[in-house]
Amino acid sequence: MRINIIGAGPIGGQTAYLLAKKGHDIHLYEDHARIGVPVQCTGLMTLSLNDVTPPKKEFLVATTEEQEVISPNGSAITIKSKEYIVDRTLFDSYFVNKAIDAGAALHSQHRFVGRENGALVFKDTKNNTTVKEKKEITIGADGPLSTVAKEFGMFGQREFYYGIQARVKGNFDEKKIQVYFGNSIAPELFAWIVPESSTIARVGLGTKKNTSQFFQSFMKQHNFTALDMQAGPIPVYNPALPSQNIKEHAYTIGDAAAQVKATTLGGLIPGLKAAQCLADALEKNQSYHKLWKRKVGRSLWLHLKMRQVMDMFSDEEWNSFIKLISQQKLRSVFEAYDRERPFQLFLRSLAKEPRLLPFVFKARKLYK
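From a predicted model like this one, the values you see are computed outputs, not experimental measurements.

Draft legend 1. Highlighting the environment of Ser243. Its location among the elements puts Ser243 in the loop between strand S15 (226-235) and strand S16 (244-245). Owing to a relative accessible area of 1%, Ser243 belongs among the buried residues under this scheme. In the structure, Ser243 is positioned 90 residues away from Gly153 in sequence and 9.5 Å away in space, judged by C-alpha atoms. Filtering out sequence-adjacent residues up to four positions away, Ser243 remains in contact with Met154, Ala250, Tyr251, Thr252, Ala257, Tyr288, His289 and Trp292. At a separation of 2.9 Å, a polar atom in the side chain of Ser243 contacts the side chain of Trp292.

Here you go:
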């Protein structure tokens, strides 16, 4: 069975690997000349990465131990939380190389442009030629603006954040991540400083509009100068989006399916878990959509609801919320459950601190 996977990022690579090792004829297409370039991700992941793959020396940059959460009024709390920071170019390459070793064929500099007479059409940008390939099964792992999703009727109604990140020089605590909240800093999301080392950090933020303006302000506030920069759209999870077109044997995964945590915009771990769901669905002739919804859909839904509530926070409410979670009884909950486990985090926090209920009650406005 020929399976064409569009997009050779880590999720496309993992999907290719899982299917290739089962003996399928896997063809992995990538628009760019190099895997993992350009970089469009902070590369920060929780320990739940171990659920899909142990961290490897070849892509692990650093391991942090703490998160410092800074409220709009400048007060800060520190939460002990171990996190992995990866080199996204090497991380992406790790999964793609696994797929190649398992028998997948990589076609770099091949941009998917559409369908024609039952065939997939690619632009070979290296040779400036058009390539047509047999269409049996098509998997779109081609990012938030997925051409596969558009071509096969799965794009739907999408909302995006826009993120900007730079690498900067400075003096940093290499074991501590800093996260800044506030409507004058990054409305409806946050800004971050993630250290690669004691002298280099990844600094960025995301917003739904005027992102460049907020980013430049944050950089100026901290007297940072960019060594290099990345920017791009990040999809907001939408539970109504389709992720499979049964008639056309087409599927989307990762950012192409908006499988992204709305609270943090992290999508690597959910997408890697969905890759196993897709491989299982194709192998056992089951519904991929149902499998991944069962595996990660519930947690993505809760992240979405939490994000919708936080979007309504004023700066004063952010100050109050962060002050509440500064209590040791709540910090211990945040230290015990990472953001891949939102239900446990949510329920145990409420059980420890009833004064969080007014923030929950804001959710009622979403249904009026």
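Draft legend 2. Looking closely at the sheet that holds strand S17 (residues 250-252). Taken in spatial order, the six strands of this open sheet run S6-S2-S1-S10-S17-S16, and their pairing is mixed. At either end of the open sheet lies a strand with only one pairing partner, and these are strand S6 (105-108) and S16. In terms of strand pairing, strand S1 (residues 2-6) meets strand S10 (residues 137-140) through four bridges, oriented parallel. Of the residues in S10, the one forming a bridge with Asn4 is Thr138.

Draft legend 3. Geometry of the packing of aromatic side chains. For the structure on display, the rule yields 16 aromatic pairs. When the centroid spacing of 5.9 Å and the interplanar angle of 65° are considered together, the rings of Phe190 and Trp192 count as edge-to-face. Owing to a relative accessible area of 10%, Phe190 belongs among the buried residues under this scheme. A connected cluster of aromatic rings, assembled from ring pairs, spans Phe181, Phe190, Trp192, Phe313, Trp318 and Phe321. Directly above the aromatic system of Tyr17 lies the positively charged group of Lys98, at a separation of 4.1 Å from the ring centroid. Over the aromatic face of Phe155 sits the side chain of Arg158, whose NZ or CZ is 4.4 Å from the ring centroid.

Draft legend 4. The arrangement of the side chain of Gln178 in detail. Relative to the helices and strands, Gln178 is located in strand S12 (residues 176-180). Once you skip the residues sitting within four places of it in the chain, Gln178 turns out to touch Glu68, Ile70, Ala191, Trp192 and Ile193.

Draft legend 5. Region of interest: unusual backbone geometry. Of note, the amide linkage connecting Val37 to Pro38 takes the cis form, showing an omega dihedral of 0°. With respect to the helices and strands, the residue Pro38 is situated in the loop between strand S2 (25-30) and strand S3 (44-46). In this structure, Asn128 is a non-glycine residue whose phi angle is positive, near 55°. Residue placement: Asn128 occurs in the loop between strand S8 (119-124) and strand S9 (129-134).

Rules used throughout
- Residues numbered from 1 in each chain as written.
- Predicted model: local features only at pLDDT ≥ 70, side-chain atom pairs only at ≥ 80, totals over all residues.
- Heavy atoms only, no water.
- Helix = DSSP H or I, 4+ residues; strand = E, 2+ residues; numbered from the N terminus.
- Buried < 20%, exposed > 50% of the residue type's maximum accessible area, 1.4 Å probe, protein only.
- Contact = heavy atoms within 4.5 Å.
- Polar contact = N/O pair within 3.5 Å; in protein donor to acceptor, adjacent residues only side chain to side chain.
- Pairing = 2+ DSSP bridges.
- Phe/Tyr/Trp six-rings, centres within 6.5 Å; stacked < 30°, edge-to-face > 60°.
- Lys NZ or Arg CZ within 6 Å of the ring centre and 35° of its normal.

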